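Chain by chain, the residues:
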Amino acid sequence: MTGPAESAREAAEGEYNFAYLDEQTKRMIRRAILKAIAVPGYQVPFASREMPMPYGWGTGGVQVTASILGRDDRLKVIDQGSDDTTNAVSIRAFFEKTAQVETTTQTGEATIIQTRHRIPEKALSQDQVIVYQVPIPEPLRYLEPRETETRKMHALAEYGLMHVKLYEDIARHGHIATTYAYPVKVDGRYVMDPSPTPKFDNPKMHGMKALQLFGAGREKRIYAIPPHTTVESLDFEDHPFKVQTFDRPCAICGAEEVYLDEVILDDRGGRMFVCSDTDHCEERRAAGHVGEAGGNPLEREGAA
Amino acid sequence: MYVAVKGGEKAIRNAHRLLAHERRGDRTVPDLTLRQIVEQMALSVARVMAEGSLYDMELAALAIKQARGDLIEAIFLMRAYRTTLPRFGYSEPLETAKMLVRRRISATYKDLPGGQLLGPTFDYTHRLLDFKLAAEGGEVPEMPELAQPDPQEMPRVTDLLGHEGLIEPDVPEHTPESADEDGEVGDLTREPLSFPAERDIRLQNLARGDEGFLLALGYSTQRGFGRTHPFAGEIRIGEVEVEFFAEELGFAVPLGRVSVTECQMINQFQGSAKAPPQFSRGYGLVFGQGERKAMSMALVDRALRSRELGEEQGAPAQDEEFVLSHSDNVQATGFVEHLKLPHYVDFQAELVLVRQMRREWEERNRQDKADAQEAAE
């Protein structure tokens with residue numbers, strides 16, 4: 001007979017089920033995913049498990065990915081658009097360890113992309129699934145803190161409160177002051193939180209060829225947008241939805257109409273704008289595109 | 001540079017190596033053994049088992065050692081390990097009336113069958129630092145003689161009151177508000193929490209909940225935010241047998257003993273159209289010796305019953321959704337600490353908006369000033 005400390009040791013040595021979760025749990029999550037796909041934009045409660053990473057750090061996305069991952073999949077994990085942010089590295093390492101699947105940083109090569117806060121610039125295909133990590137799945141939460149109330153509001157499609165909030169923004173600031181996690185209406189029915197992606201990415205969700213899955217571990221909700229589904233960002237006729245624009249291209253690859261990160265270079269106001277989607281930037285540079293910086297000054301600095 | 005440069009993987013690896021190094025501390029100081037932690041940090045071990053909802057002292061000690069004494073981190077380690085364990089079923093309800101009692105006190109009676117038994121308590125110690133403990137290899141305290149209470153002679157205080165019908169029964173009669181007709185007990189580690197939550201789920205949530213959070217909420221009820229007029233009817237600490245009903249055998253078999261702390265609060269209740277005036281209960285139960293947690297839990301349990309008892313609601317401790325959604329420290333610490341993760345994409349979105357709004361504001365101000373000047377001239 002093995003004591004608990006001993007079996008803990010065995011577990012630590014790699015005795016996990018494929019992709020960590022046991023098969024019963026995966027089946028439970030898959031059922032929730034199927035329901036979510038059947039009712040686009042509706043938040044399906046599921047019995048989220050305690051994962052070996054903190055709540056709020058992607059446990060929902062990780063559970064969804066673990067449940068749909070097969071041995072032949074190629075996984076890409078990004079955070080803020082980058083494959084190299086610390087938490088993306090950590091989640092990728094988790095699946096390398098527990099599922100031994102192939103991983104990639106190339107958007108086009110991946111079959112499953114788990115993301116936090118961005119949608120890749122390159123259009124996704126029907127053979128891909130994108131899994132979003134969601135902190136607060138309820139788009140009405142900051143207007144109404146009670147779950148008992150918000151569930152009722154969704155059931156009755158009572159979204160007046162959200163429109164009032166957007167209207168008040170315009171009345172007070174002249175703009176809708178929501179810049180990320182900008183609410184969308186899915187398939188003409190449910191108002192949904194797109195996760196804290198910048199509103200720049202909202203149009204990419206509309207009619208996307210890839211299946212979009214959303215996992216919120218701490219809040220125990222899964223929701224989905226099936227391929228080719230209508231996704232509208234909420235707005236008004238006289239104040240149509242607009243995405244962020246940048247008045248200069250990426251300094252490294254010269255890309256326009258992409259989302260840029262502002263990198264502070266010194267304490268005298270020096271800054272540069274570079275692609276937030278690092279893979280997109282690399283691909284463009286490989287294809288010979290060069291920005292005003294002439295190359296990647298950050299890499300040179302890093303090497304020093 | 002923080003992210004723009006590759007190297008996240010290496011940085012993480014190095015950070016973890018440094019963590020392991022610092023965890024060990026000065027190499028000339030002997031390594032802590034799990035046995036030492038179990039024996040001498042017993043109350044930390046109890047808290048980690050209780051809030052980690054896994055009864056295993058050795059694993060709790062390991063978690064505390066690995067977490068460098070950070071108890072919430074240790075609780076998290078226990079929870080994450082717990083999820084990987086197979087589940088055989090649910091035990092029979094614990095019979096705390098048959099507890100092998102190490103401590104038992106009642107604040108509602110001067111004396112009672114079985115007596116008051118102080119047991120190992122900090123109560124009535126003067127909180128003076130004992131510098132004798134600072135000396136290595138100091139005096140070894142003598143083993144005192146222990147009373148051997150007979151569990152048969154130590155009935156639960158609430159049962160004594162129950163004989164007179166002065167307190168609501170342990171298993172309330174079925175009302176639309178009470179638990180499932182079939183008596184099935186919910187499990188929020190298997191089903192997502194939903195509202196309104198029944199008392200079984202509420203108690204499970206509180207038993208796993210953060211001691212500090214429940215302490216503050218319980219305290220708030222005493223100060224008037226949802227007053228419940230509590231008396232500590234009984235607090236008992238000791239060992240109880242865990243039994244498991246084996247289908248193949250057709251009867252329950254003992255699995256072993258666990259140490260628990262039980263607190264039964266007795267609260268005033270004026271009665272309603274449905275119920276006669278009688279005392280009502282608030283219940284707390286935690287693994288190990290955890291009196292503060294058990295008492296806080298009992299206060300909060302009673303406060304959360306305001307709906308079913310038809311009392312006025314409005315205080316934080318009576319707000320089921322507020323209490324149950326925020327009691328779990330593993331969830332809370334994860335979400336609070338996730339603010340450490342990079343958020344620069346969203347921050348960029350806010351920067352763009354704030355810059356634009358500022359430009360417009362300055363433009364408006366300039367215009368207003370120009371208009372005012374024009375009017376003055």
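Here, residues in each chain are numbered from 1, in the same order as that chain's written sequence. For this description, chains carry letters from A and ligands carry numbers from 1, given in the order in which they are written. Local features in this predicted model are restricted to residues whose pLDDT is 70 or higher, and side-chain atom pairs enter the listing and the counts only when it is 80 or higher, whereas totals over whole chains, interfaces and linings include all residues. Values reported for side chains reflect all heavy atoms of the structure, with hydrogen atoms and water molecules removed beforehand.

J.: Quick question: what am I supposed to make of the domain arrangement of chain B here?
T.: Note: interface size is frequently given as the accessible area lost on complex formation between the parts. All names here are of chain B. The split of the chain into domains comes from an automatic or database domain assignment. According to the domain assignment, chain B consists of domain 1 (8-83) and domain 2 (97-119 + 150-172 + 186-334). On a C-alpha basis, the centres of domain 1 and domain 2 stand 29 Å from each other. Contacts between the two partners involve 14 residues from domain 1, matched on the other side by 19 residues from domain 2. Carbon and sulfur atoms make up 57% of the area that domain 1 and domain 2 hide from each other, which totals about 1300 Å². Once two parts are brought into contact, the accessible area they lose, counted with a 1.4 Å probe and summed over both, makes up the buried area. Considering only the side of domain 1, the residues that lose the most area to domain 2 are Glu 51, Tyr 55 and Arg 79, jointly responsible for 42% of the buried surface there. In the sections that follow, a salt bridge refers to a side-chain nitrogen of Lys or Arg positioned within 4 Å of a carboxyl oxygen of Asp or Glu. A salt bridge links Arg 47 to Asp 210; the shortest N-O distance between them is 2.9 Å. Residues adjacent in sequence count toward polar contacts only when both atoms are side-chain atoms; beyond that, a polar contact is any pair of N or O atoms within 3.5 Å, and within protein one must be able to donate a hydrogen and the other to accept it. Here domain 1 is connected to domain 2 by seven residue pairs in polar contact (both at pLDDT 80 or more). Elements with a contribution of two residues or more to the side of domain 1 that touches domain 2: helix 3 (42-51) and helix 5 (71-83). The contact definition used throughout considers only heavy atoms, calling two residues in contact when any of these lie within 4.5 Å. Secondary structure follows DSSP: runs of H or I at least 4 residues long count as helices, runs of E at least 2 residues long count as strands, and numbering of each begins at the N terminus.

J.: Looking at this model, I keep getting lost on the pairing of strand 4 (residues 280-287) of chain B. Mind explaining?
T.: On any regular strand, side chains alternate: one points to one face of the sheet, the next to the other face. Residues and elements named next belong to chain B. For strand 4, the tally of buried residues reaches six of eight residues, placing the bulk of the element in the interior. The pairing criterion is simple: DSSP has to find at least two bridges between the two strands. One ladder, built from eight bridges, connects strand 3 (residues 251-267) with strand 4; its direction is antiparallel. Bridging from a neighbouring strand, Met 265 pairs with Gly 282 of strand 4. Buried, partly exposed and exposed residues are distinguished by accessible area as a fraction of the type maximum, computed with a 1.4 Å probe on protein chains only: under 20%, between the cut-offs, and over 50%, respectively.

J.: What is the right way to look at the sheet that holds strand 5 (residues 129-133) of chain A in this model?
T.: Residue and element names in this part refer to chain A. Strands sit in the order 1-9-8-5-4-2-3 across an open sheet of seven strands; the sheet is mixed. Of all strands in the sheet, those bounded by a partner on one side alone are strand 1 (44-45) and strand 3 (102-103). Pairing analysis gives four bridges linking strand 4 (residues 112-116) to strand 5, with the strands arranged parallel. Looking at the pairing, Ile 113 lines up with Ile 130 of strand 5. In this analysis an axis means a line fitted to C-alpha atoms, helices contributing only their contacting stretch, and an angle means the value between N-to-C directions, from 0 to 180 degrees. The strands touched by helix 4 (residues 86-99) are strand 2 (74-79), strand 3, strand 4 and strand 5; relative to strand 2, the strand with the most contacts, the crossing angle is about 160°.

J.: In this structure, what is going on with empty space enclosed by the protein? I would like to understand it.
T.: A probe as big as a water molecule, rolled over the atoms, marks out the empty space that is left. All names here are of chain A. In the cavity and pocket records, a cavity denotes points on a 1 Å grid over the protein atoms alone where a 1.4 Å probe fits but cannot get out, a pocket denotes an open set with protein on both sides within 12 Å along at least 5 of 7 lines, and lining residues are residues with an atom within 4 Å of a point. Grid points are joined across faces, edges and corners, and a volume is the space filled by probe spheres set on the points. This structure, assessed with the given rule, holds two cavities of 30 Å³ or more. Its volume calculated, the largest cavity comes out at about 120 Å³. Residue lining of the largest cavity: 17 residues in total, with Gly 56, Gly 58, Gln 133, Val 134 and Pro 135 positioned closest to the centre. Of all the elements in the fold, those that place two or more residues in the lining of the largest cavity are helix 3 (59-68) and strand 8 (211-216).

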